Amino acid sequence: MDKQLQISGEPLPNMPWEERPAGSTAVMWRYSANPVIPGDLLPTSNSIFNSAVVPFGDGFAGVFRCDDTNRRMRLHAGFSKDGLRWDIDPRPLAFECEDREIGEWVYGYDPRVCRIGERYYVTWCNGYHGPTIGVAWTEDFRTFHQLENAFLPYNRNGVMFPRKINGRFAMLSRPSDTGHTAFGDIFYSESPDLEFWGRHRHVMSPAPFEVSAWQCLKIGAGPVPIETSEGWLLIYHGVLRSCNGYVYAFGSALLDLEEPWKVTARSGPYLISPRELYERAGDVPNVTFPCAALHDPQTGRIAVYYGCADTVTGLAFGHIPEIIAFTKENSIV
Ligand code: BMA
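Here is what the cut-offs are and how they apply
- Residues numbered from 1 in each chain as written.
- Predicted model: local features only at pLDDT ≥ 70, side-chain atom pairs only at ≥ 80, totals over all residues.
- Heavy atoms only, no water.
- Helix = DSSP H or I, 4+ residues; strand = E, 2+ residues; numbered from the N terminus.
- Contact = heavy atoms within 4.5 Å.
- Polar contact = N/O pair within 3.5 Å; in protein donor to acceptor, adjacent residues only side chain to side chain.
- Near = heavy atom within 4 Å.
- Areas by Shrake-Rupley, 256 points an atom, 1.4 Å probe, with all protein chains shown as cover.
- 1 Å grid on protein atoms, 1.4 Å probe; cavity = no way out; pocket = protein on both sides within 12 Å on 5 of 7 lines; lining within 4 Å.
- Sits in = over half its atoms within 2 Å of the grid points.
- Nonpolar A, V, L, I, M, F, W, Y, C, P; charged D, E, K, R; others polar.
- Points joined across faces, edges and corners; volume = space filled by probe spheres on them.
- Pairing = 2+ DSSP bridges.
- Axes fitted to C-alpha atoms, helices over the stretch in contact; angles between N-to-C directions.

Peer 1: Even after reading the chapter, I still don't get the environment of Trp 17, so can you show me in this structure?
Peer 2: Secondary-structure assignment places Trp 17 in the segment before β1 (28-30). Separated by 193 residues in the primary sequence, Trp 17 and Glu 210 place their C-alpha atoms 35 Å from one another. Other than its neighbours up to four places away in sequence, Trp 17 contacts Trp 29, Arg 301, Ile 302, Phe 317, Gly 318 and His 319. A distance of 3.1 Å separates a polar atom in the side chain of Trp 17 from a polar atom in the side chain of Glu 19.

Right under this line is the structure:
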């Protein structure tokens, strides 16, 4: 590993890991036992995908998108010793909220979880007169305290940064519309108190299709950004519109540490795009949608959890220094 590169975060020697397969030159490679979480893990789950995991205690915890057999979009909490075999609570997660109007559950999907201090902040796509960004915190993954929605509808892909920036909480999001939004740029916002969000800044737009077609229709932040001496490493999804529908792939970008709306590098080629059968076939074909990453600063290892075809959850591995080098060498900025 490049000795110059500094990567923030707690040591995580027990994170899930597999070496790059012999003969492969891929920057990221898939877990050989994918899908790591099957869609029918719960008796009532139709699909489990686009989910968020974090280190917790001597293992891992997470908030999972479980669509049930009524095809309702629900969030469930879960725990794991190894990050591979998950014990997901069959009961949907219930938020405690002081304001009944905000706390009334309509639907929720695509959670992210971000640790700041002793609290784990959950952001998700929350139904409130259309999709917007719900915010809650927990310390134990058993009791969840819901706060105000961060933005007006319509918005998706709210992802917090793991520390305050310029003294304020910070979040990426993607303003959108009521449906299967056919556009979308990533924006940055700050909050002094997790209630009032402002100082909105534009981060990046879809790429021109002739430059990088996998991200030419819309883009959205994926896992919580990872702080490095080269900037914030952001894994994000991008969408291509084909004659048969949308194709979701993911790539990487580097954002300025103190002004994260400034993009210093952005990958033209994708890291992962639907290739395996479980990514190409499912309730929504051709989707790889990352929502979480575990990393170990000492080895530079990263494991990305991503939804596959809106049906199951996959895991992909890589080395952060290699992903950063790939992002810079293939940058379209
Ligand atoms: C997006 C979100 C994701 C989903 C993707 C593909 O708009 O709804 O939850 O994975 O579409 O269907």
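Peer 1: Would you explain the site of the ligand in this entry?
Peer 2: As a structural note, the neighbourhood of the ligand is formed by Asn 50, Arg 65, Tyr 109, Asp 110, Tyr 248, Val 284, Val 287, Phe 289 and Asp 310. Arg 65 is positioned with one of its side-chain polar atoms (N or O) 2.7 Å from an oxygen atom of the ligand. Between the ligand and Tyr 248 there is a distance of 3.0 Å, counted from an oxygen atom to a side-chain nitrogen or oxygen. Protein chains bury 87% of the 310 Å² of accessible surface belonging to the ligand in isolation. Cavity membership is defined here by more than half of the atoms lying within 2 Å of grid points; on that basis the ligand lies in the second largest pocket. Residue composition of the shell around the ligand, by class: five nonpolar, one polar and three charged.

Peer 1: Whenever I open this one, the layout of surface pockets confuses me. Can you help?
Peer 2: If you roll a probe as big as a water molecule over the atoms, it shows you where there is empty space left. As a volume, the largest pocket reaches approximately 750 Å³. Around the largest pocket sit 33 residues that line it, and Gly 9, Glu 10, Pro 55, Arg 115 and His 295 are the ones nearest its centre. Within the lining of the largest pocket, the residues separate by chemical class into 21 nonpolar, seven polar and five charged. Of all the elements in the fold, those that place two or more residues in the lining of the second largest pocket are β2 (45-56), β3 (59-68), β7 (108-116), β11 (155-160) and β18 (245-255).

Peer 1: What am I meant to see in the sheet that holds strand β14 (residues 198-204) here?
Peer 2: What holds strands together in a sheet is hydrogen bonding between their backbones, with the strands either parallel or antiparallel. In spatial order, the strands read β11-β12-β13-β14; together these four strands make up an open sheet with antiparallel pairing. The sheet terminates laterally at β11 and β14, the two strands that pair on one side only. When the angles between neighbouring strand axes are averaged without regard to direction, this sheet yields 25°. Across five bridges, the pairing between strand β12 (residues 169-175) and strand β13 (residues 186-191) is antiparallel. Pairing of Met 171 across the sheet is with Ser 189, part of β13.

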